[in-house]
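# Overview (structure and organization)
What follows is the residue order along each chain.
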Amino acid sequence: MGVPYRWLIRPLLRFQDSEKAHHRSLRLLRLATALPFGGGTLKLLYHPRHEIPVELFGHTYKNPFGLAAGMDKNGIALRGWERIGLGFIEIGGVTQHEQEGNPKPRMFRANQSLALVNRMGFNNEGSDKIRQRLEVHFKRYGRPSVPLWVNVGKSKITPLDIAHEDYAATVHALWQFTDVFVINVSSPNTPNLRDLQNDDGLVRILDTCQKVNHQLADEHGIQPKPFLVKVAPDLTNEQLVHIALTAKNNHADGIVLSNTTLARPKTNHKQDANVFSETGGLSGQPLKERSTEMIRQVRQHVGKEWPIVGVGGISSPHDAFEKIKAGATLLQAYSGFVFEGPALSKSVVHGLKHSLDKNHYSSLQSAVGADEQPK
Ligand SMILES: Cc1cc2nc3c(=O)[nH]c(=O)nc-3n(C[C@H](O)[C@H](O)[C@H](O)COP(=O)(O)O)c2cc1C
């Protein structure tokens, strides 16, 4: 189904507004799982035949490839993501308060460069409504069969100096339903959000969220939830390593590398150049090398045990394996799904399995950071 998507659907997408096409696809995915044979058909077409088990964050991930934040901000198509065989699903960015985001248009496709520029600005239904949706979903269908991650952002109306309270309120609201929280201090589309990557901002957010986390864990008599920090690519390597070490020393359980970039690649293609002149964060192919380099840098400084989640420009098994060898244990994609369609999960998982077998790795974990160590 990868080829039909590339030859039939992708050309059609060129004539549609990017955000409208996105909402249509999400609704279609949701609808497919509501139809009598829809879920089974999705599974038949897209679900990988192989598993690549990864033990992490208190769960067994059946494969390391998940959905990146931003694709399903309000968590409306959980069963669809499960059916196409993703190893985990990240919903959000969720903010404490519901917000509309920036004026439209705010999402643009650069088709030749296989890239997107977006300035969505955390449009989402807010922590209360999303909590209600998850409550209904869990009652009706039970917990999703794969770990559910929640990406937490800051509400635009909340001043920066009390951002920690805003993050903690969302954590409190969604705690019961979440397997892993990702603290997003790196979206370029909320004014000054990236300032929270500094020591004071980050430590305060982590402290406040961990307090809520431990209190709820005690009340429920279960383990606290893992917290990851998601970082921007527009940092020097020194800044990046400093932030990673600050996160690690302040009880973050791992890091997500990376969010979208403010940088722009060179292009001779006029339409893509127009897209690149738009304000916002760039994702997709042009982000790939930088995000892999970030993984390599952080892995060298944080040691083997602290997990890195690699995201940025993954659209093939080769891209995925590069990030594993650089030091990522789990992977995610957003733009790759826009350009390659839902078959991406199957092709990445099958291709990764093939690369692991071919290179005589007994598990995915034994290939993590392989660039650094002799086998
Ligand atoms: C339209 C859009 C919205 C996004 N929204 C979020 C978000 O709310 N929170 C977040 O942490 N990342 C968000 N991202 C970033 C992605 O999760 C991912 O880090 C980035 O796109 C790089 O991955 P990719 O090259 O596979 O797209 C968004 C990306 C896009 C394209």
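Rules used throughout
Residues numbered from 1 in each chain as written. Predicted model: local features only at pLDDT ≥ 70, side-chain atom pairs only at ≥ 80, totals over all residues. Heavy atoms only, no water. Helix = DSSP H or I, 4+ residues; strand = E, 2+ residues; numbered from the N terminus. Rg over C-alpha atoms; globule rule 2.2 N^0.38 Å. Buried < 20%, exposed > 50% of the residue type's maximum accessible area, 1.4 Å probe, protein only. Contact = heavy atoms within 4.5 Å. Areas by Shrake-Rupley, 256 points an atom, 1.4 Å probe, with all protein chains shown as cover. Lys, Arg positive; Asp, Glu negative; His and termini not counted. Charge placed at Lys NZ, Arg CZ, Asp CG, Glu CD. Expected span 1.5 Å × (residues − 1). Pairing = 2+ DSSP bridges. Right-handed = clockwise from strand over helix to strand, strands pointing away. Axes fitted to C-alpha atoms, helices over the stretch in contact; angles between N-to-C directions. Near = heavy atom within 4 Å. Polar contact = N/O pair within 3.5 Å; in protein donor to acceptor, adjacent residues only side chain to side chain. Nonpolar A, V, L, I, M, F, W, Y, C, P; charged D, E, K, R; others polar. Patch = residues over 30% accessible without salt bridge, like charges linked within 9 Å, V, L, I, M, F, W, Y side chains within 5 Å. Salt bridge = Lys/Arg side-chain N within 4 Å of Asp/Glu carboxyl O. Arc of directions from axis to C-beta. Core = buried A, V, L, I, M, F, W, Y, C linked by side-chain atoms within 4.5 Å.

A separate point is the overall build of the protein. Check the secondary structure of the protein and you find 14 helices and 13 strands. On C-alpha atoms alone, the protein measures out to a radius of gyration of 19 Å, which is about the 21 Å that the 2.2 N^0.38 rule sets for 375 residues. Considering only C-alpha atoms, the protein reaches an extent of 50 × 50 × 45 Å along its principal axes. Residues counted as buried form 59% of the 375 residues belonging to the protein. Partitioning the intrachain contacts of the protein with sequence separation of at least 6 by distance along the chain shows that 74% fall at a separation of at least 24. When the accessible area of the protein is evaluated, it comes to approximately 16,300 Å², of which 53% is carbon and sulfur surface. Charged side chains in the protein number 45 positive and 36 negative. The centres of these two groups are separated by 8 Å.

Our focus in this paragraph is helix α13 (residues 344-358). The first and last C-alpha atoms of α13 sit 21 Å apart over 15 residues, in line with the 21 Å expected at 1.5 Å per residue. Within α13, burial applies to Leu-344, Ser-345, Val-348, Val-349, His-350, Gly-351, Leu-352, Ser-355 and Leu-356. Tucked inside the fold, the buried residues of α13 contact α3 (38-46), β3 (65-67), α11 (317-326), β13 (330-333), α12 (335-340) and α14 (364-367). Once α13 finishes, His-360 follows within two positions and takes phi at roughly 60°, a positive value.

Successive side chains on a regular strand alternate, one facing one side of the sheet and the next facing the other. Of the two faces of β13, the one holding Leu-330 and Gln-332 and the one holding Leu-331 and Ala-333 are both buried throughout. As paired elements, β3 and β13 share 3 bridges and run parallel to each other. Looking across to β13, one finds that Leu-67 is bridged to Ala-333. Note that strand β12 (residues 308-311) and β13 share 3 bridges and pair parallel. Residue Gly-310 lies in a different strand from β13, and its bridge partner there is Leu-331. Handedness of the crossover is the feature at issue here: the chain leaves β12, passes through α11, returns alongside β13, and the resulting connection is right-handed.

Turning our eyes to something else, we now look at the sheet that holds strand β11 (residues 281-284). Sheet architecture is open: 3 strands sit in the order β5-β6-β11, paired in antiparallel fashion. Two strands close off the open sheet at either side, each with one partner strand: β5 (107-110) and β11. Across the sheet, the axes of successive neighbouring strands diverge by a mean angle of 25°, strand direction being ignored. As judged from the 4 bridges shared by strand β6 (residues 115-118) and β11, these two strands associate in the antiparallel manner. Following the sheet pairing, Val-117 is matched in β11 by Leu-282.

A few words now on the site of the ligand. The immediate surroundings of the ligand are formed by 25 residues, with Ala-69, Asn-151, Gly-284, Gly-313 and Ser-335 found nearest. One nitrogen or oxygen atom from the main chain of Ser-258 is found 3.0 Å from an oxygen atom belonging to the ligand. In isolation the ligand offers 610 Å² of accessible surface; the protein chains occlude 98% of this area. Contributions of two or more residues to the shell around the ligand are made by β4 (88-94), β6 and β11. Here the shell around the ligand is built from residues that sort into 9 nonpolar, 14 polar and 2 charged.

Turning next to a positive patch on the surface. A cluster of basic residues, Lys-20, Arg-24, Arg-27 and Lys-104, forms a positive patch on the protein surface. Topologically, Arg-24 is positioned in helix α2 (residues 18-34).

Inspection of the secondary structure assignment puts Gly-92 in strand β4. In sequence terms Gly-92 and Ile-308 are 216 residues apart; their C-alpha atoms lie 19 Å from each other.

With 16 residues, helix α5 (residues 126-141) should reach 22 Å at 1.5 Å per residue; the first-to-last C-alpha distance of 22 Å fits that figure. By the burial criterion, the buried members of α5 are Gly-126, Ser-127, Ile-130, Leu-134, His-137 and Phe-138. Looking down the long axis of α5, one finds its buried residues gathered within 110° of arc, a one-sided arrangement. Residues of α5 that are exposed and angled more than 90 degrees away from the buried face: Asp-128, Lys-139 and Arg-140. In this structure, the buried residues of α5 make contact with α4 (78-83), β4, β7 (148-152) and α6 (163-174). Gly-142 occupies a position one or two residues after α5 and carries a positive phi of about 80°.

Grouped together as the largest cluster of nonpolar side chains are 102 residues, with contacts concentrated most on Phe-65, Trp-81, Trp-149 and Tyr-167. Of all the elements, helix α7 (residues 199-220) adds the most residues to this core, at 7 residues. In contact with Tyr-167, other than residues within four places in its own chain, are Val-152, Gly-153, Lys-154, Ile-183, Asn-184, Val-185, Leu-193, Leu-196, Ile-205 and Cys-209.

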